[in-house]
Amino acid sequence: MSVNVDTEIARPGDDSYAEAAWKLKERIRHEEDVLKQRKGFFTDAYRRSTVYLLLSRNGSDERLMGFAAVRRDGYILFLAVSPEFRGEGVGKRLVGLVAENHDTITCHARASNENALGFYKHLGFKVDRHIENYYEDAGDAYYLKLGRSGGLTEKLSEFMRG
């Protein structure tokens, strides 16, 4: 039985897969205590963003593997990978899709989210600054940046070869 992995792109105004993305985000929130945004904020941000989605398709069975919602300036608003697909390059592939369209990629990561920080640092993101009380629950964040200093395409090409 073969499984196909397809890439979908929801352009601004297209809320295709918004509910599936919300359910994945909420599942991660419940299991890992991260991605704590309210539904109205999430849905509005999703609709205003370009959203890159990776879907696993096996016959009529379709599952959202992960998604990245990105603003026009290359800022990642949300990046989520379903726990059963972690370690399979899904997150790296999503960031690669963003990199195809942006010279610089930025995002915030919760300072206590070691998994996210490790992932971003592994891809070459650098901590630009630490922001205290960034989140509604007074949690701290790091502002992370990839690109411009050495060429994003070059960095990702080196990473993919290695």
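Residues numbered from 1 in each chain as written. Predicted model: local features only at pLDDT ≥ 70, side-chain atom pairs only at ≥ 80, totals over all residues. Heavy atoms only, no water.

Draft legend 1. Summary view of the packing of aromatic side chains. All chains considered together, the criterion is met by 8 aromatic pairs. Note on Trp22 and Phe42: the rings are 5.5 Å apart at their centroids and 55 degrees apart in plane angle, and the pair reads as tilted. In this pair, Trp22 is assigned in helix α1 (residues 18-32) and Phe42 in helix α2 (residues 39-48), connecting sequence segments 20 residues apart. Classification of Trp22 by relative accessible area gives buried; the value is 12%. What makes Phe42 buried here is its relative accessible area of 1%. (Phe/Tyr/Trp six-rings, centres within 6.5 Å; stacked < 30°, edge-to-face > 60°. Helix = DSSP H or I, 4+ residues; strand = E, 2+ residues; numbered from the N terminus. Buried < 20%, exposed > 50% of the residue type's maximum accessible area, 1.4 Å probe, protein only.)

Draft legend 2. Spotlight on the confidence of the model for the protein. On average, residues of the protein carry a pLDDT of 88, and 88% of them reach 70 or more. Per-element confidence in the protein is highest for helix α3 (residues 90-99), whose mean pLDDT is 95, and lowest for helix α5 (residues 152-161), whose mean pLDDT is 60. (pLDDT = per-residue confidence, 0-100.)

Draft legend 3. Region of interest: the nonpolar core. Membership of the largest hydrophobic core comes to 25 residues, with the highest contact counts inside it found for Ile76, Leu94, Tyr120 and Phe125. Elements that contribute at least two residues to this core include exactly β2 (50-58), β3 (61-70), β4 (75-81), α3, β5 (104-110), α4 (114-123) and β7 (141-147). Here this core gets 6 residues from one element, more than from any other, and that element is α3. Ignoring anything within four residues of it in the chain, the contact list for Tyr120 reads Ile76, Leu79, Cys107, Ala109, Phe125 and Leu144. (Core = buried A, V, L, I, M, F, W, Y, C linked by side-chain atoms within 4.5 Å. Contact = heavy atoms within 4.5 Å.)

Draft legend 4. Focus on α4. For α4, the set of buried residues is Ala116, Leu117, Tyr120 and Leu123. Take α4 and look down its axis: the buried residues cluster within an arc of 130 degrees, on one side only. α4 presents Glu114, Asn115, Lys121 and His122 as exposed residues on the side facing more than 90 degrees away from its buried surface. Two residues or fewer after α4 comes Gly124, characterised by a positive phi angle close to 105 degrees. (Arc of directions from axis to C-beta.)

Draft legend 5. Representation of the environment of Ala68 in the model. With respect to the helices, strands and loops of the structure, Ala68 is situated in strand β3. Counting along the chain gives 23 residues from Ala68 to Gly91, while the straight-line C-alpha distance between them is 8.5 Å. Apart from residues no more than four positions distant in its own chain, Ala68 is found in contact with Thr50, Val51, Tyr52, Phe78, Leu79, Leu94 and Val98.

Draft legend 6. Molecular detail of the packing of α1 against α2. One way to put it is that α1 packs onto α2 with a least axis distance of 11 Å and a crossing angle of 135 degrees. As summarised for this structure, α1 and α2 are arranged oblique, according to the angle between their axes. α2 is crossed by α1, and the crossing has right-handed handedness. Facing α1, whose interface residues are Ala18, Glu19, Ala21, Trp22 and Lys25, α2 presents Lys39, Phe42 and Tyr46. Per-class residue counts for the contact of α1 with α2 are 5 nonpolar, no polar and 3 charged. (Axes fitted to C-alpha atoms, helices over the stretch in contact; angles between N-to-C directions. Parallel < 35°, antiparallel > 145°, perpendicular 65-115°, else oblique. Left-handed = near helix turned anticlockwise from the far one by under 90°. Nonpolar A, V, L, I, M, F, W, Y, C, P; charged D, E, K, R; others polar.)

Draft legend 7. Inspection of the layout of surface pockets at higher detail. Roughly 1,100 Å³ of internal volume is contained in the largest pocket. In terms of lining residues, the largest pocket is bounded by 39 residues, among which Leu35, Leu79, Asn113, Ala116 and Tyr120 are the most central. Broken down by element, the lining of the largest pocket gets its largest block of residues, 7 residues, from β4. Of the residues assigned to the lining of the largest pocket, the class counts are 22 nonpolar, 8 polar and 9 charged. (1 Å grid on protein atoms, 1.4 Å probe; cavity = no way out; pocket = protein on both sides within 12 Å on 5 of 7 lines; lining within 4 Å. Points joined across faces, edges and corners; volume = space filled by probe spheres on them.)

Draft legend 8. Highlighting α1. Helix length check: α1, at 15 residues, gives a terminal C-alpha distance of 21 Å against a target of 21 Å (1.5 Å per residue), a fit within 8%. Among the residues of α1, Ala18, Ala21, Trp22, Leu24, Lys25, Glu26 and Ile28 are the ones counted as buried. Summarising the contacts, the buried residues of α1 are in contact with α2, β3 and β4. Residue Asp33 follows α1 closely and has a positive phi angle near 60 degrees. (Expected span 1.5 Å × (residues − 1).)

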